[in-house]
Amino acid sequence: MDGSTFRTRLRAVREPRGFTPLLAVAACVPAVVAVAAMGSDILRDTRFFGSNPIKHGEHFLGDWTLRFLLLTLAVTPVRQLTGWNWLAKHRRTLGLFAFAYVMLHWLTYALLDVQLDWGDLTKDLAKRPYIMIGMAGLVCMMPLALTSTKGMIRRLGGARWNRLHRLAYVVPVLGTIHFWMSVKKDVTEPLLYALGFAVLFAWRLARRSRRAAAAPA
Amino acid sequence: MLIRRADDLRSSDTTPESLYLNRRDFLAAAGLLGAGLVAGFAPRDAGAMQEPQAVGKPFGLQPDDKPTPWKDVTGYNNFYEFGTGKEDPAEYAKGFVPRPWTVQVDGLVAKSGQYQLEDFLKPSAVEDRIYRHRCVEAWSMVIPWRGIPLADVLKRAQPSSQAKFVEFTTLYDPKRMPGQRSGVLPWPYVEGLRLDEAMHPLTLLATGVYGRDLPNQNGAPLRLVVPWKYGFKGIKSIVRIRLVDKQPRNTWNEANPQEYGFYSNVNPEVDHPRWSQAKERRIGEFLRRPTLMFNGYKDQVASLYAGMDLRKNF
C-alpha cells in the first residue's frame, strides 16, 4: 500500500465535520416537503403534489420509508467496504427516521385518506392482505424504535437486543410486499426496492459464509 | 452497498417544475421555514385565463357537483398507452398527432365500413354534456364532455339480430404510444358493452372536453364515456367498433380478473378487493363523498340490470 492511499484511509476513519447535523437536517427534508405540499394543496388549492395530493403524499411518504430502510441496511456493507467505521453510529438514526416516515405514511392514510372512518380502517385491516402486511411491518418497527436507546440495550443485554433487532431484516420484506401488492399493475418500483434489499441481504450472507469457510474446522 | 441506481429514481423524486418555480412561496405557505420568502404562487384558479368555461347540459349532477377544473381533467389521467403515472399521459402524449384517423365499424352489421373521422362524425349533431366520472381507484371528477351518442353510430351501421355486444379497440402503434412498448397490459386495449348498454342515450362517443377537441391525454380523437361505469370502461383513441354475439374481452378484466369485471358498474356496495368503493375523493376536495349507486345514474340505468346479481357480475 503506498503512502497516499494510507493517508486517505486514515482520513476516512474520522467522521467528516458537520456530518451528524447535516444528516439530521437532510433526513427531515422529505417530511417537510410532504407536510408543506399537502398542506398547501389542501388549504390553498395549489398542486405541488398534483391533482390528488393526499394519495400522492401517502405514496411519497411510503417511498421514503423504504428508502430509509435501504439506507439503514446499507450502513454495514458500506462501512465494511470503505472502512468508514464512524458510519456505524448513524445506523440507529437512519432506522429511527424510517420509523418516523412509516408513522407519517400511516397517519396520512388514517387521518387524511380514510379520514378516521372506523369501518374502513377495521375492514381494511381485517380483509385486505396488503394492508395487513404493511401494518405488520409497522408493528415490527415499534419495538425496534422503543429499544433503540443505550439504556434499553443495557437493560435487554446485548444478545437479547441483537436477537430482537433481527426484525430489522423482516421489516423491509414486509414493506416491499406491501408496496408490491398495492400497485395496480406496474411493479417496476417495488421490483427495484426488492432488488436493493436483495443485494444488501446477499452481501451479508456472502460475508457470513466466507467467514464460516475461513474459520478453522 | 447503497449507491442508488439512476433508474431507482422516479420523476417524482426530482422537484417538479411548478414546485421549483414557486419555491419561495411554497416555503412561506408552509409556514415552516423562515423569513424573507416572498413571491406569487399558482392557485387552482390562477390559470383562469386559459381555464375554459364548462359548457353543456348537466346530466345526473348532484346539487353540489361543480365541474372539475380543466387543469385536473387534463392533468390527472389513467392512459397506460402513455405511461402508468397519473401525470405521464399529459407529458408523453404531447407529440401524438391524432390525424388522420380512421374508424372501422364492422362485425354483425348491415353497413360496415372504414371512415375518416370527419365523415364518421358528420351525420351526428355534436352535444355538450356534463357528466359525473368515477374512477375505480375511488377518485372522481365532474367533466364537461363533447360528443355524439354512440346509439347514433350503431343505428347507422344497422346491427343484425345476432348482435348482442359491442367491442371497442384502441389504436395499436407502439411508435406513437410509448407505453405499448412495455408489457404492463396486453395491447391493444379492448373494451366492451352489452348492446343495450351501448344503445343507452347516456352512452357517449366523446370528441372533446370543455368545448374543445379532446387533448391527447384524454383519449384523442375519439373515446367512450359511460358515466355509470368505472372510468376504465371509457376506452380511448378508438379505431374499431365491432358488433359481436359473445361478450367481448376487456383489458383490465384480462389483466386481473379478480379485481376487474366486465360490467364494472359503479357500486358502493361491492368493494374492490383492495379498497372500499363506498366513498370517493372528488378531485379538488378534502372530505370524501359517498359513492352513489350507478354513479348517480340509477334512475336512468338500473333497469338494464334488473334481476342480475351485481355482486357476481361486478
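Residues numbered from 1 in each chain as written. Chains lettered and ligands numbered in written order. Predicted model: local features only at pLDDT ≥ 70, side-chain atom pairs only at ≥ 80, totals over all residues. Heavy atoms only, no water.

**Side note on the overall build of chain A**
Okay, so step 1: A tally of regular secondary structure across chain A gives 10 helices and 0 strands.
Okay, so step 2: When the elements of chain A are put in sequence order from the N terminus, they spell out α-α-α-α-α-α-α-α-α-α.
Okay, so step 3: Expressed as a percentage of the 217 residues in chain A, the buried residues total 41%.
Okay, so step 4: As displayed, chain A has an accessible area near 11700 Å², and 69% of this comes from carbon and sulfur atoms. (Helix = DSSP H or I, 4+ residues; strand = E, 2+ residues; numbered from the N terminus. Buried < 20%, exposed > 50% of the residue type's maximum accessible area, 1.4 Å probe, protein only. Areas by Shrake-Rupley, 256 points an atom, 1.4 Å probe, with all protein chains shown as cover.)

**Some points on the pattern of salt bridges**
Residues and elements named next belong to chain B.
Okay, so step 1: Scanning the entire structure with this criterion turns up 34 salt bridges over all chains.
Okay, so step 2: For Arg240, the salt bridge is made with Asp106, and the minimal N-O distance between the two is 2.7 Å. Separated by 134 residues along the polypeptide, Arg240 in strand β11 (residues 238-244) and Asp106 in strand β2 (residues 102-107) bring together distant segments of the chain.
Okay, so step 3: By relative accessible area, Asp106 is classed as buried at 12%.
Okay, so step 4: A salt bridge links Arg289 to Glu285; the shortest N-O distance between them is 2.8 Å.
Okay, so step 5: The structure contains a network of salt bridges with shared partners spanning Asp64, Asp65, Arg132, Arg134, Glu280, Arg282, Glu285 and Arg289. (Salt bridge = Lys/Arg side-chain N within 4 Å of Asp/Glu carboxyl O.)

**Here's the deal with empty space enclosed by the protein**
To find leftover empty space, one rolls a probe the size of a water molecule over the atoms.
Residues and elements named next belong to chain B.
Okay, so step 1: Using the criterion set out here, one finds 3 cavities of 30 Å³ or more in the structure.
Okay, so step 2: For the largest cavity, the calculated volume is near 350 Å³.
Okay, so step 3: Every residue lining the largest cavity is counted, 26 residues in all, and those nearest its centre are Asn78, Phe79, Gly231, Phe232 and Lys236.
Okay, so step 4: By residue number, the principal contributor to the lining of the largest cavity is strand β5 (residues 139-149), which donates 4 residues.
Okay, so step 5: Taken together, 13 residues make up the lining of the second largest cavity; nearest its centre are His133, Val225, Val226, Pro227 and Gly231.
Okay, so step 6: Sorting the residues of the lining of the second largest cavity by element identifies β4 (127-134) and β10 (223-225) as the ones contributing at least two each.
Okay, so step 7: If one sorts the elements of the lining of the second largest cavity by residue count, β10 sits on top with 3 residues.
Okay, so step 8: For the lining of the second largest cavity, the class distribution of residues is 6 nonpolar, 3 polar and 4 charged. (1 Å grid on protein atoms, 1.4 Å probe; cavity = no way out; pocket = protein on both sides within 12 Å on 5 of 7 lines; lining within 4 Å. Points joined across faces, edges and corners; volume = space filled by probe spheres on them. Nonpolar A, V, L, I, M, F, W, Y, C, P; charged D, E, K, R; others polar.)

**Focus: the layout of surface pockets**
Residue and element names in this part refer to chain A.
Okay, so step 1: Considered as a void within the structure, the second largest pocket measures approximately 1100 Å³ in volume.
Okay, so step 2: Lining of the second largest pocket is provided by 33 residues; of these, Arg91, His165, Ala168, Tyr169 and Arg204 occupy positions nearest its centre.
Okay, so step 3: The set of elements that each furnish at least two residues to the lining of the second largest pocket consists of α3 (53-82), α4 (90-113), α6 (129-146), α7 (150-156), α8 (158-164), α9 (167-182) and α10 (188-214).
Okay, so step 4: If you tally residues by element for the lining of the second largest pocket, the top one is α10, at 7 residues.
Okay, so step 5: When the residues that make up the lining of the second largest pocket are grouped by side-chain class, the tally is 17 nonpolar, 7 polar and 9 charged.

**A short note on α10 of chain A**
Okay, so step 1: When the terminal C-alpha atoms of α10 of chain A are compared, their 39 Å separation across 27 residues agrees well with the 39 Å that a helix rising 1.5 Å per residue should span.
Okay, so step 2: Those residues of α10 of chain A lying buried are Pro190, Leu192, Tyr193, Phe197, Leu200 and Arg204 of chain A. (Expected span 1.5 Å × (residues − 1).)

**Things to note about the side chain of Asp113 of chain A**
Okay, so step 1: Relative to the helices and strands, Asp113 of chain A is located in helix α4.
Okay, so step 2: Residue classification places Asp113 of chain A among the buried positions, given a relative accessible area of 9%.
Okay, so step 3: Setting aside its immediate chain neighbours within four residues, Asp113 of chain A contacts Ile54, Lys55, Glu58 and Thr108 of chain A together with Arg281 and Arg288 of chain B. (Contact = heavy atoms within 4.5 Å.)

Everything listed here is a matter of geometry and, on its own, says nothing about what the molecule does.
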